[in-house]
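Examining the three-dimensional arrangement
Chain residues, written in single-letter form:
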Amino acid sequence: MDAFAESDALAREAADPSRRAEFLIPPWPGHDGAQWAYFAGNSLGLQPRGAAAAIDEELAAWGELAVEGWFEGARPWISSADDLRPSLARLAGAEVEEVVAMNTLTVNLHLLMATFYRPTAERFRIVIEDAAFPSDSHAVASQAVHHGLDPASAVVRLRPRVGEAALRTQDVVAELERLRGEVALVLLGGVNYLTGELLEIREITAAAHDIGAVAGWDLAHAIGNVPLRLSEWGVDWAAWCHYKYVNAGPGAPAGAFVHARHARDASLPRLAGWWGNDPATRFRMEPGFVPRPGAAGWQVSTPTVLAYAPLRASLELFDAVGMPALRARSIRLTGYLESLLDVVVAERGARVITPREEERRGCQLSLAVPRARALAARLRAEHGVVCDVREPDVVRFAPSPLYSSYYDCWRAANALHDLLPAR
Ligand SMILES: Cc1ncc(COP(=O)(O)O)c(C=O)c1O
């Protein structure tokens, strides 16, 4: 295939290098020191080299200080959650007080819906995408049931136009307008997990507000992938995980955002626990709950200190590189992969379902292919190319700008050309 020369991929990488030396890149076993070309960072990001040292530091503090580690040592655990907030705020485009790392994603969706989904007899619907991640579908349906509602009427699912994979902002806005007066909550994925589509968060948030609804966002596939300005966009609340593009490890503590206009409202109902209580009175062991101002007031339990350690190591890397530089490389890298895939799909039975405009996507490109699961297995076994599969027919490639290389993209395109059936 002369449309893509190996030397071109290598030259691009030399001119626009990744930070892959700061990650553990899994080996491709049996291939003489070769490594996987890893595209599944939208599922589980690779391990930053700093993660192990960060965990070891906490283990050492536990060994040396035991319970005194909460208040003593180089990094007292009492402030472990707060220490992460400035970096998280930079990723989310938020004020420090608007963000916190806690729990896991679906738990945070529930905690925030406990506050922000307050259905009434007239205004009770929750609008989600038809292609919402299953956990989000389960969460909203169970919230409706929790309020004595029938999910079949309470949950509205937005579908793309016939023959299209992605949603159009104008259609989302029109549907919200059609449902004016009935919608309590709009909960959409900032970047859709399946198609990789980046929604216009600012416009859709404004449209939700215009019809009197709350705008919540699942940013699992957006955080660390695309620049966010949650504060400025007026998003009411958001939740995300850190194990995808933020590379904080399997089951890492998740993130939550509550806009400043709500964050100091102590009257908001919430599922409270002592860690959301004002630290000044928390240890008085009194029964009354005084919420901490800000997103931290939605914390429930003792922080998961050991699990925060790799998140801290990873966030240091994001701070060092900065989202603008990362996004710029991401656009170049994904654009390169797209140009190669265009050659492949012209000759092979496959279709790119991710929007083609760079401002309508993050780094992920999704392909609709025949026999997706078998294809992904062969990509890995025969070419050392790791992508993932979403049933029934989608393979997803996410070149993560921190550690993916142009050479990885070149390997992926060659492997697909080799394995996909001819048209
Ligand atoms: C968009 C989206 N929402 C929710 C989840 C569920 O996350 P968790 O299992 O951490 O609750 C995922 C997991 O991949 C996801 O991609």
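Here the structure is shown first, and the text comes after it.
Just so we're clear, the structure is a prediction, and the values are computed from it rather than from any experiment. (Residues numbered from 1 in each chain as written. Predicted model: local features only at pLDDT ≥ 70, side-chain atom pairs only at ≥ 80, totals over all residues. Heavy atoms only, no water.)

1. Regarding the overall build of the protein chain
The helix and strand tally for the protein chain stands at 15 helices and 15 strands. Taking 2.2 N^0.38 as the reference for a compact globule, 423 residues should give roughly 22 Å; the C-alpha atoms of the protein chain span a radius of gyration of 22 Å, in line with that estimate. Burial statistics for the protein chain: of 423 residues in total, 55% are counted as buried. Here the contacts in the protein chain between residues at least 6 apart in sequence split such that 72% fall between residues at least 24 apart. (Helix = DSSP H or I, 4+ residues; strand = E, 2+ residues; numbered from the N terminus. Rg over C-alpha atoms; globule rule 2.2 N^0.38 Å. Buried < 20%, exposed > 50% of the residue type's maximum accessible area, 1.4 Å probe, protein only. Contact = heavy atoms within 4.5 Å.)

2. Some thoughts on a nonpolar patch on the surface
On the surface, Phe-71, Trp-274, Phe-283 and Met-285 cluster together into a nonpolar patch covering about 470 Å² of accessible area. Looking at the element boundaries, Phe-71 is found in the loop between helix H2 (50-65) and helix H3 (80-92). (Patch = residues over 30% accessible without salt bridge, like charges linked within 9 Å, V, L, I, M, F, W, Y side chains within 5 Å. Areas by Shrake-Rupley, 256 points an atom, 1.4 Å probe, with all protein chains shown as cover. Salt bridge = Lys/Arg side-chain N within 4 Å of Asp/Glu carboxyl O.)

3. Considering the packing of H2 against helix H12 (residues 305-321)
The interhelical angle for the contact between H2 and H12, taken along N-to-C directions, is 145 degrees, at an axis separation of 8 Å. Our pair here, H2 against H12, has a crossing hand that is right-handed. Between H2 and H12, the residues in contact are Gly-50, Ala-51, Ala-54, Ile-55, Glu-57, Glu-58 and Leu-59 and Val-305, Leu-306, Ala-309, Pro-310, Arg-312 and Ala-313, respectively. The residue inventory of the contact of H2 with H12, partitioned by class, reads nine nonpolar, one polar and three charged. (Axes fitted to C-alpha atoms, helices over the stretch in contact; angles between N-to-C directions. Left-handed = near helix turned anticlockwise from the far one by under 90°. Nonpolar A, V, L, I, M, F, W, Y, C, P; charged D, E, K, R; others polar.)

4. Side note on a negative patch on the surface
On the surface, a cluster of negative charge is made up of Glu-200, Glu-203, Glu-358 and Glu-359. As for its position among the elements, Glu-359 is in the loop between strand E11 (351-352) and strand E12 (365-368). For Glu-359, a relative accessible area of 54% gives the class exposed. (Lys, Arg positive; Asp, Glu negative; His and termini not counted. Charge placed at Lys NZ, Arg CZ, Asp CG, Glu CD.)

5. Some details on the site of the ligand
The immediate surroundings of the ligand are formed by Leu-105, Thr-106, Phe-133, Ser-135, Asp-136, Asp-218, Ala-220, His-221, Tyr-243 and Lys-244. Asp-218 places a side-chain nitrogen or oxygen 2.7 Å from a nitrogen atom of the ligand. The separation between an oxygen atom of the ligand and a polar side-chain atom of Tyr-243 is 2.6 Å. If the ligand stood free it would expose 390 Å²; the protein chains cover 82% of that surface. Residues that form the shell around the ligand fall into these classes: four nonpolar, three polar and three charged. (Near = heavy atom within 4 Å. Polar contact = N/O pair within 3.5 Å; in protein donor to acceptor, adjacent residues only side chain to side chain.)

6. Regarding helix H8 (residues 201-210)
Among the residues making up H8, those that are buried are Ile-201, Ile-204, Thr-205, Ala-207 and Ala-208. Looking straight down H8, one finds that the buried residues subtend no more than 160 degrees of arc, so they occupy a single side. Residues of H8 that are buried sit in contact with helix H7 (169-178), strand E7 (183-189), strand E8 (214-218) and helix H9 (230-233). Backbone geometry just after H8 places Gly-212 at a positive phi near 85 degrees. (Arc of directions from axis to C-beta.)

7. A short note on the sheet that holds E12
Each strand in a sheet pairs with another by means of backbone hydrogen bonds, the pair being arranged parallel or else antiparallel. Across the sheet, which stays open at both edges, the four strands sit in the order E11-E12-E15-E14 with antiparallel pairing between neighbours. The outermost strands of the open sheet, each flanked by one partner alone, are E11 and strand E14 (388-390). Here E11 runs beside E12; their pairing, made up of two bridges, is antiparallel. Among the inter-strand pairings, Val-352 is bridged to a residue of E12, identified as Leu-367. Strands in contact with helix H14 (residues 372-383) are E14 and strand E15 (394-397); relative to E15, the strand with the most contacts, it is inclined by about 40 degrees. (Pairing = 2+ DSSP bridges.)

8. Some thoughts on the sheet that holds strand E4 (residues 99-102)
In space, the seven strands of this open sheet follow the order E4-E10-E9-E8-E7-E5-E6, with mixed pairing throughout. Looking at strand neighbours, the two that pair on one side only are E4 and strand E6 (155-158), the edges of this open sheet. If you compare each strand with its neighbour and ignore which way they point, the axes differ by 20 degrees on average. In terms of strand pairing, E7 meets E8 through five bridges, oriented parallel. Across the sheet, the residue bridging to Leu-185 is Val-214, located in E8. Contacting strand E5 (125-129), E6 and E7, H7 runs over the sheet at an angle of about 155 degrees to E6. The strands touched by H8 are E7 and E8; relative to E8, the strand with the most contacts, the crossing angle is about 150 degrees.

9. With respect to the nonpolar core
Among the nonpolar cores identified, the biggest contains 61 residues, and Trp-217, Leu-219, Leu-228, Leu-230 and Trp-240 are the most heavily contacted of them. Among the elements that take part in this core, H3 stands out by supplying six residues, more than any other. Excluding residues that lie within four positions of it along the chain, Leu-219 makes contacts with Gly-190, Ile-201, Leu-228, Leu-230, Ala-238, Ala-239 and Trp-240. (Core = buried A, V, L, I, M, F, W, Y, C linked by side-chain atoms within 4.5 Å.)

10. Structural notes on the environment of Arg-373
Mapped onto the fold, Arg-373 is located in helix H14. Not counting residues up to four positions away in its chain, the partners in contact with Arg-373 are Val-389 and Glu-391. At 2.7 Å, the side chain of Arg-373 and the side chain of Glu-391 are in polar contact.

11. A word on the pairing of strand E10 (residues 254-258)
For E10, the buried fraction is high: five of the five residues fall into the buried class. With four bridges connecting them, strand E9 (residues 237-240) and E10 associate as antiparallel partners. Pairing of Ala-239 across the sheet is with Ala-256, part of E10.

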